[in-house]
Amino acid sequence: MSAPYPVRADGRWSGRVTRRALPDDPSLAALPRDTRDVLARLWQCQAATEHRVATSFERVHAALRARGADAGLVDVSARAVDDEFRHAALCLDVASRYAGRALGAPATLPHAAPAHADAAAGLRPALVVLGQCALNETFAAAYLDACLEGATHPLARAALAELLSDEVDHARIGWAFAATLDDETRGGVQEWLLPLAIANLRMWQQLSLPEDPAGALVPHGVPTPARVRRALLEALEALVIPGFARNGFEVRGLGAWLAQGAPTARA
Amino acid sequence: MNERPDVAQPPRAARLFRSLVVSSGLLLTGCGSTVVTSRATGPAASDDVPSGAPDAPAVPVDAPAAAPVDASVVAPLDAPVATPPDVQVIAADVPVVQDAMPLVDAQALVDAALADARSQEIGWPTTKGVFCWGNDAGVVACCRHVDSDDSPSRCCAAVPGGCAPCEPDDAGACVRTDAALWERP
């Protein structure tokens, strides 16, 4: 199936969407029609959101260049733009397989990202990189890991593993960048850590998944809402907070927030 | 929290922490061949994610040997054999965090953070579906509410800077009913 998204010939897999071809999954034919439709819609929606995040990585790439960041990070962030196009193509492919027919590309979603208008201009690029990579992509990796935890169908597992392999690199951009910050920038970022985490977690908490009381979607890589909530808090506790601590940030504020259940709105 | 060395992290979390945080230095110039391949056409630092064999055994975790490994979990990556010396015991990689602050101070800190305008900014859009609807025509609308008072079930469409109210049309697509942007408080 041809991809309706531009995938660069010099991208991660030399113009291919995935490292390996997705497996045929004959078991899909036995699924109830409405289950297939739900799964097709979910993957089609994800194609739209993955496509949107390509724009996020254009901003990350620009931010890293503006800061004169390590060349390795600049290069991987450029690749990440193409990664997100590949993700969109992959998700649409999976959606079409669940639908049993070729689906069209979803409408392009508008992109909006935090402006960090209250930050000094020189600090904003660092906030962009850390917000998108250290926070958002780390939550994304944890989310995909939770998806994989329950997935048993070959198509879902293969697709999720492909996505996760890229998200890991995208998160690494943020953590490697954090390790390279000078003291002045680290001090400026410090004041933003908790607000950044609150804003990002709020977005993830707004993730809307279908009601699935029987757990019929779990084997197809769609975790229950409760599992997602747990995965996000686990990511905060076991990845985000230790990650910032490892890179020299004061994390007691984050810890206090977590201890209260990581609320993202005032009671 | 699990920053203390004497508190074992769950195997999944430990593996992710090592993959995302500890091994992040692999992306930096001069940290082996990883960067060269990842920015060209070949495998990246996370090359060894077993995309075609997701049930492959996990890469040996650098947690205590007694920690059980969930073999059902994909080892999200991990550093090739020649991983730089950041592959050490996770507990040793994670700094010990100071004692928790007094409860009253913590509450005040969190309250202040939630009232902070910076916390009210929109977050980065996720790569996953957020309040999305689609139909066979390929129309997808996604909402980006940041106001907890708004119901996630409300039909709305994302627009730069906010969310526009809309209603589903006969085809199931979200159609804006109000030209004005939804503005955050």
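Here the structure is shown first, and the text comes after it.
These notes cover the structure that comes with them. (Residues numbered from 1 in each chain as written. Chains lettered and ligands numbered in written order. Predicted model: local features only at pLDDT ≥ 70, side-chain atom pairs only at ≥ 80, totals over all residues. Heavy atoms only, no water.)

This brings us to the pattern of salt bridges. Scanning all chains against the criterion turns up 21 salt bridges over all chains. Close ionic contact of Arg97 of chain A with Asp93 of chain A constitutes a salt bridge, the shortest N to O distance being 2.9 Å. Taken together, the residues span about one helical turn, with Arg97 of chain A and Asp93 of chain A both in helix H2 (residues 71-99) at a distance of four residues. Asp145 of chain A is the salt-bridge partner of Arg12 of chain B, the closest N and O atoms lying 3.0 Å from each other. Here the residue Arg12 of chain B occupies a position in helix H1 (residues 11-20), and Asp145 of chain A occupies one in helix H3 (residues 124-150), the pair thus bridging two chains. Bridged by salt links that share partners, the residues Arg12, Arg79, Asp82, Asp83, Arg86, Asp166, Asp169 and Arg172 of chain A form one connected network. (Salt bridge = Lys/Arg side-chain N within 4 Å of Asp/Glu carboxyl O. Helix = DSSP H or I, 4+ residues; strand = E, 2+ residues; numbered from the N terminus.)

Of all the 10 residues making up H1 of chain B, nine are buried; the element is thus mostly covered by neighbouring parts of the structure. Those residues of H1 of chain B lying buried are Arg12, Ala13, Ala14, Arg15, Leu16, Phe17, Arg18, Ser19 and Leu20 of chain B. (Buried < 20%, exposed > 50% of the residue type's maximum accessible area, 1.4 Å probe, protein only.)

Next up on the list: the nonpolar core. Of all hydrophobic cores here, the largest spans 107 residues; its most connected members are Tyr98, Phe244 and Trp257 of chain A. Not counting residues within four places of it along the chain, the set of residues in contact with Trp257 of chain A comprises Leu194, Ala197, Ile198, Leu201, Leu236, Ala262, Pro263 and Thr264 of chain A together with Val110 of chain B. (Core = buried A, V, L, I, M, F, W, Y, C linked by side-chain atoms within 4.5 Å. Contact = heavy atoms within 4.5 Å.)

One can find Ser119 of chain B in the loop between helix H4 (103-115) and strand S1 (132-134). For Ser119 of chain B, the side chain forms a polar contact with the main-chain oxygen of Ala113 of chain B, separated by 2.6 Å. Non-local contacts of Ser119 of chain B, meaning those with residues more than four positions away in its chain, are made with Pro195, Ile198, Ala199 and Arg202 of chain A together with Ala113 of chain B. (Polar contact = N/O pair within 3.5 Å; in protein donor to acceptor, adjacent residues only side chain to side chain.)

Our focus in this paragraph is empty space enclosed by the protein. Summed over the entire model, instances satisfying the criterion amount to one cavity of 30 Å³ or more. Each pocket or cavity is described by its volume, and for the largest cavity that value is around 40 Å³. If you trace the largest cavity, you find it lined by Pro114, His116, Trp192, Pro195, Leu196, Ala199 and Asn200 of chain A together with Arg118, Glu121, Ile122 and Gly123 of chain B. Classifying every residue of the lining of the largest cavity gives six nonpolar, three polar and two charged. (1 Å grid on protein atoms, 1.4 Å probe; cavity = no way out; pocket = protein on both sides within 12 Å on 5 of 7 lines; lining within 4 Å. Points joined across faces, edges and corners; volume = space filled by probe spheres on them. Nonpolar A, V, L, I, M, F, W, Y, C, P; charged D, E, K, R; others polar.)

How two aromatic rings sit relative to each other is given by the distance of their centres and the angle of their planes. In this structure the tally under the stated criterion is three aromatic pairs over all chains. Consider the rings of Trp175 of chain A and Phe244 of chain A, whose centres lie 4.9 Å apart with planes at 65°: the pair is edge-to-face. Here Trp175 of chain A, found in helix H4 (residues 154-179), pairs with Phe244 of chain A, found in helix H7 (residues 225-246); they are 69 residues apart in sequence, far enough to count as distant. One exposure class covers both Trp175 of chain A and Phe244 of chain A, and it is buried. Plain terms: the ring middles of Phe244 of chain A and Phe249 of chain A are 5.4 Å apart, the flat faces sit at 90° to each other, and that makes the pair edge-to-face. With respect to burial, Phe244 of chain A and Phe249 of chain A carry one shared label: buried. A network of ring pairs unites the aromatic residues Trp175, Phe244 and Phe249 of chain A as a single cluster. A cation over an aromatic ring shows up here: Arg118 of chain B above the ring of Trp192 of chain A, its NZ or CZ 5.0 Å from the ring centre. (Phe/Tyr/Trp six-rings, centres within 6.5 Å; stacked < 30°, edge-to-face > 60°. Lys NZ or Arg CZ within 6 Å of the ring centre and 35° of its normal.)

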